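Each chain, written out:
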Amino acid sequence: MTPPPMPVRALKGVVLTVCCALVVVPFAGIVSTSLATREQIVRSGGFVIVPDEISFAAYRALFTGGVVPRAVAVSVLITLVGTALSLTTTTLLAYGLSRPGSLAHRPVLMLVVGALLFTPGIIPGYLTVSTLGLLDSYWSVILPAAVSAFNVVILRAFFMDIPAELVESARIDGAGDGQILTRIVLPLSKAVLSVIGLFYAVGYWNAFFTALLYLNDAAKWPIQLVLRTYVVNQQQLGVDQVGTAELPPQEALQMAILVVSIVPILLVYPFIQRHFTKGVLVGAVKG
Amino acid sequence: MAYARGGPPATVDEPAPPPDRPPAAVPAPARDSAPGRFARDRVLLLAMLPGLGLLLTFHYLPLLGNVIAFQDFQPYLGLGDSPWVGFANFRVLVEGDPLFLRALRNTVVIMLLQIGVVFTLPIALALLLDSLLSERLKRIVQTVLYLPHFLSWVIVVSIFNELLGGSGPVNTFLRRHDLATLDVIGNAAVFKELVTGQVLWKEAGWAMILFLAALSRIDPELYEASAVDGAGRMRQLWHVTFPGLRGVIVLLLILRLGDALTVGFEQIILQQQAVGLDASEVLDTYVYNNGIVMGDWGVSAAVGLVKGLVGVALVLGANKLAHVFGEAGLYRREAR
């Protein structure tokens, strides 16, 4: 392909730069404001693009005690337990469905695909969770989201693509279905499993509405609910909510909570990105 | 070993395997009777249990819970003792209760805005990015643009409030330069546009990579051949690029249609306090506010049920239509 004429290239450059800036500048501003001093925040009207002087006062205040450390602990707990449970059950279900002709695989597959089509409404979902006595239990945020039918379908397709010869030769060597899963299938599926695991993890970390619906006890709130209360709804953070008596500026505190909620996503993003570009999921979406 | 044949699933009364079959090297029974298959597949069956149990409990059990749409449900009476009222709860839908109609109207307007803007811009973005020659630059731009997809709605709404709010940097800048300020946060008049903008910011990059993947599958020879035939850039776009994208576009449109009546529940509930219900009540928030907050369980469940059924009908209908036009759609009917 010949490169397009100069003005076209310049225009493309401008459009793409603007698009990227729309994503990057807010992030930079949030981090900067969380690190800025009171004088600078006042001077710049509540939002700092480049801090003159870096101050960790907001983070120190948030992490000395109060609502944020507890919320982070809750979110980490939900994310770890939830992801482990999701990955295990999803993998097992997908594996159980991956052998054409096995007993009962067809009706179960229909149930999985049906779950893609019919999503339970808010009210029946709430009634189920409350009938099972899960209200105000962390399980209420984990169990309803534990198995994503979509991920089961993707993983099953991936398992079915594993060459049948590999499975056959293992069977001839005397491996049962359990050993075939742990020795052959799982080692070959590391990439797709890590992507699916990360998607589950991001989902649990971001869980907001299920927590709002099922966790009434504020002591059990995950980070997203804290974020809503103090940043979206602008409730003031007082001495009771942070660990120190001397309060940093509200703007810095709010931005610091926002940063705390974003950082885990930024940490796992490169991994998602790396495996994702292999086309694992994009291929599966189409297939 | 019966697996490797890839034939149709064995049935109970299928004839016995041919005698010339090599003797089984594995002691596992490969008999085609039901107990034999059970013994053969017991590990697979066991593996499916936990996941299946979760799906049945949290997906199919709630579907049964929809019966309260036909009850005057009282939480203290429970499902068993609440009085049955037939279709009375559905009267809201048929008679056009103003609160329901308001939610329906807002939902439809937001849906149209979103399909119009959030569906078309990522295609344009993907075409633009695909035309770049530097692979590295492509990767960087992609990585930046689809990051917001992984942020929660709470984070996205927070970011918008902080940036565009009355005391945010944008308005501070405008005020200092004596320009008109941008009144978008908490302004009912532009709420639907704001919501659409937020979806665009969060999801455009994500939608874009699906289109990019489809673009990368277009055979470069098609471009070369069309260039040899004298096609300019615009004609290539029309005759090579768009046909290559059609499958994905149809697929995504069908998926979007299934969620047509679902317009950003978390996103909207977060901002409802600031703009009021008139501008922001959509069907999902109506079900939540009217049912779980106000306690009108039966009516809300009825609205939720109808909404779910309409969604399923839209997906199946759109898929059917796609088949009629020769597209693969969501699934292809298995050739048998």
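Residues numbered from 1 in each chain as written. Chains lettered and ligands numbered in written order. Predicted model: local features only at pLDDT ≥ 70, side-chain atom pairs only at ≥ 80, totals over all residues.

Visitor: What am I meant to see in the overall build of chain A here?
Guide: The number of helices and strands found in chain A is 15 helices and zero strands. The C-alpha radius of gyration of chain A comes to 24 Å, more than 25% above the 19 Å expected for a compact globule of 287 residues. Counting only C-alpha atoms and orienting by the principal axes, one finds that chain A spans roughly 75 × 65 × 35 Å. (Helix = DSSP H or I, 4+ residues; strand = E, 2+ residues; numbered from the N terminus. Rg over C-alpha atoms; globule rule 2.2 N^0.38 Å.)

Visitor: Hey, could you run me through the overall build of chain B in this one?
Guide: When you go through chain B residue by residue, the secondary structure sums to 14 helices and zero strands. For chain B, the sequential pattern of α-helices and β-strands runs α-α-α-α-α-α-α-α-α-α-α-α-α-α. Counting across all 336 residues of chain B, residues that qualify as buried make up 34%. (Buried ≥ 20, exposed ≤ 12 C-beta atoms within 10 Å, placed from the backbone.)

Visitor: Sorry if this is basic, but what is going on with the domain arrangement of chain A here?
Guide: Where interface size is given, it is often the accessible area lost as the parts come together that is meant. All names here are of chain A. Domain boundaries assigned for chain A yield domain 1 (21–55) and domain 2 (67–286). For domain 1 and domain 2, the distance between their C-alpha centroids amounts to 33 Å. With eight residues of domain 1 in contact, the opposing surface of domain 2 contributes seven residues. For the side of domain 1 that touches domain 2, the elements supplying multiple residues, two or more each, are α1 (6–35) and α2 (38–43). For the side of domain 1 that touches domain 2, the element with the highest residue contribution is α1, accounting for four residues. Here the side of domain 1 that touches domain 2 is composed, by residue class, of four nonpolar, three polar and one charged. (Domains from an automatic or database assignment. Contact = placed C-beta atoms within 7 Å. Nonpolar A, V, L, I, M, F, W, Y, C, P; charged D, E, K, R; others polar.)

Visitor: Sorry if this is basic, but what is going on with helix α6 (residues 122–131) of chain A here?
Guide: Of all 10 residues in α6(A), eight are buried, a share of seventy percent or more. Where α6(A) is concerned, the buried positions are A:Ile122, A:Ile123, A:Pro124, A:Gly125, A:Tyr126, A:Leu127, A:Thr128 and A:Val129. Lining the buried residues of α6(A) we find α7 (139–142) and α12 (209–214) of chain A together with α1 (34–65), α13 (283–293) and α14 (297–324) of chain B. Residue A:Gly133 follows α6(A) closely and has a positive phi angle near 70°.

Visitor: Explain the interface of chain A and chain B here, please?
Guide: On the chain B side, the residues contacting the 78 residues of chain A number 73 residues. No other element matches α1(A), which puts 11 residues into the side of chain A that touches chain B. Counted by class, the side of chain A that touches chain B contains 50 nonpolar, 21 polar and seven charged residues.

Visitor: What exactly am I supposed to notice about the confidence of the model for chain B here?
Guide: Regions with low pLDDT should not have their predicted coordinates read in detail. Residues and elements named next belong to chain B. In the predicted model, chain B carries a mean pLDDT of 81, and the fraction of residues at 70 or more is 88%. Residue range residues 1–30 is modelled with pLDDT below 50. Its contacts to residues more than four positions away, or to other chains, number 27 contacts. Two numbers describe this predicted complex: its pTM, 0.85, and its ipTM, 0.88. (pLDDT = per-residue confidence, 0-100.)

Visitor: I'm lost on the packing of helix α9 (residues 220–228) of chain B against helix α10 (residues 233–258) of chain B in this one. Help?
Guide: Two quantities define a packed helix pair, namely the angle between the helix axes and the distance between the axes. All names here are of chain B. Axis separation between α9 and α10 bottoms out at 10 Å; the angle between their running directions is 145°. For the pair α9 and α10, the crossing hand works out as right-handed. Each of Leu 222, Tyr 223 and Ser 226 in α9 lies in contact with α10, whose residues at this interface are Gln 236, His 239 and Val 240. (Axes fitted to C-alpha atoms, helices over the stretch in contact; angles between N-to-C directions. Left-handed = near helix turned anticlockwise from the far one by under 90°.)

Visitor: Just to check I follow, could you spell out the environment of B:Leu45 for this structure?
Guide: Positionally, B:Leu45 belongs in helix α1. By the C-beta count within 10 Å, which is 19 here, B:Leu45 ends up partly exposed. Each residue touching B:Leu45, except ones within four places of it in the same chain, is listed here: A:Gly96, A:Leu103 and A:Ala104.

Visitor: How do you make sense of the environment of A:Val239 when you look at a structure like this?
Guide: All names here are of chain A. Mapping Val 239 onto the fold places it in the loop between α13 (223–232) and α14 (250–276). Residue Val 239 is classed as exposed on the basis of its C-beta count, with 12 C-beta atoms lying within 10 Å. With 84 residues separating them in the primary sequence, Val 239 and Leu 155 have C-alpha atoms 48 Å apart. Ignoring sequence-local partners within four residues, the contact set of Val 239 consists of Ala 245 and Leu 247.

Visitor: Hey, could you run me through unusual backbone geometry in this one?
Guide: For residues that are not glycine, phi is negative in most cases, and the peptide bond is trans in most cases. The phi angle at A:Ala104 is positive, at roughly 65°, despite the residue not being glycine. By the secondary structure assignment, A:Ala104 is in the loop between α4 (67–96) and α5 (105–117).

Visitor: For this particular structure, what's the right way to read the nonpolar core?
Guide: A general trend in soluble globular proteins is that nonpolar side chains are found buried together. The biggest cluster of nonpolar side chains holds 150 residues, and the ones touching the most others in it are A:Val226, A:Leu227, A:Leu253, A:Ile257, B:Met208 and B:Phe211. If one sorts the elements of this core by residue count, helix α8 (residues 191–216) of chain B sits on top with 12 residues. Mapping this core onto the domain boundaries places at least three of its residues in each of domain 1 (21–55) and domain 2 (67–286) of chain A. Those residues in contact with A:Leu227 that sit more than four places away from it in its chain are A:Val232, A:Ile257, A:Leu258, A:Ser261, B:Val154, B:Ile155 and B:Ser158. (Core = buried A, V, L, I, M, F, W, Y, C linked by C-beta atoms within 7 Å.)

Visitor: Is there a simple way to think about the environment of A:Asn206 in this case?
Guide: With respect to the secondary-structure elements, A:Asn206 resides in helix α11 (residues 190–206). Beyond its immediate chain neighbours, meaning those up to four positions away, A:Asn206 contacts A:Gln224 and B:Ser152.

Visitor: Explain the packing of helix α9 (residues 164–172) of chain A against helix α10 (residues 177–188) of chain A to me, please; I cannot follow it from the model alone.
Guide: All names here are of chain A. Look at α9 against α10: their axes get within 10 Å of each other, and the N-to-C directions meet at 135°. In this view, α9 runs oblique relative to α10, as classed from their interaxial angle. Considering the relative orientation of α9 and α10, their crossing is right-handed. Counting all contacts with α9, which are made through Leu 166, Val 167, Ala 170 and Arg 171, the residues of α10 involved are Ile 180, Arg 183 and Ile 184. (Parallel < 35°, antiparallel > 145°, perpendicular 65-115°, else oblique.)

Visitor: It is not clear to me how helix α8 (residues 149–160) of chain A should be interpreted in this structure. Could you clarify?
Guide: Since the α-helix advances by 3.6 residues per turn, residues separated by three or four positions end up pointing in the same direction. Taking 1.5 Å per residue as the helical rise, α8(A) with its 12 residues ought to reach 16 Å, and the 16 Å between its terminal C-alpha atoms agrees with that figure. Among the residues of α8(A), A:Ala149, A:Asn151, A:Val152, A:Ile154, A:Leu155, A:Arg156, A:Phe158 and A:Phe159 are the ones counted as buried. (Expected span 1.5 Å × (residues − 1).)

Visitor: I'm lost on the confidence of the model for chain A in this one. Help?
Guide: Residues and elements named next belong to chain A. Averaged over all residues, the pLDDT of chain A equals 86, while 94% of them reach at least 70. Mean pLDDT across the secondary structure elements of chain A bottoms out at helix α15 (residues 280–286), with 45, and peaks at α7, with 96. In the predicted structure, residues 279–287 sits below a pLDDT of 50 and forms 16 contacts with residues beyond four places in sequence or in another chain.

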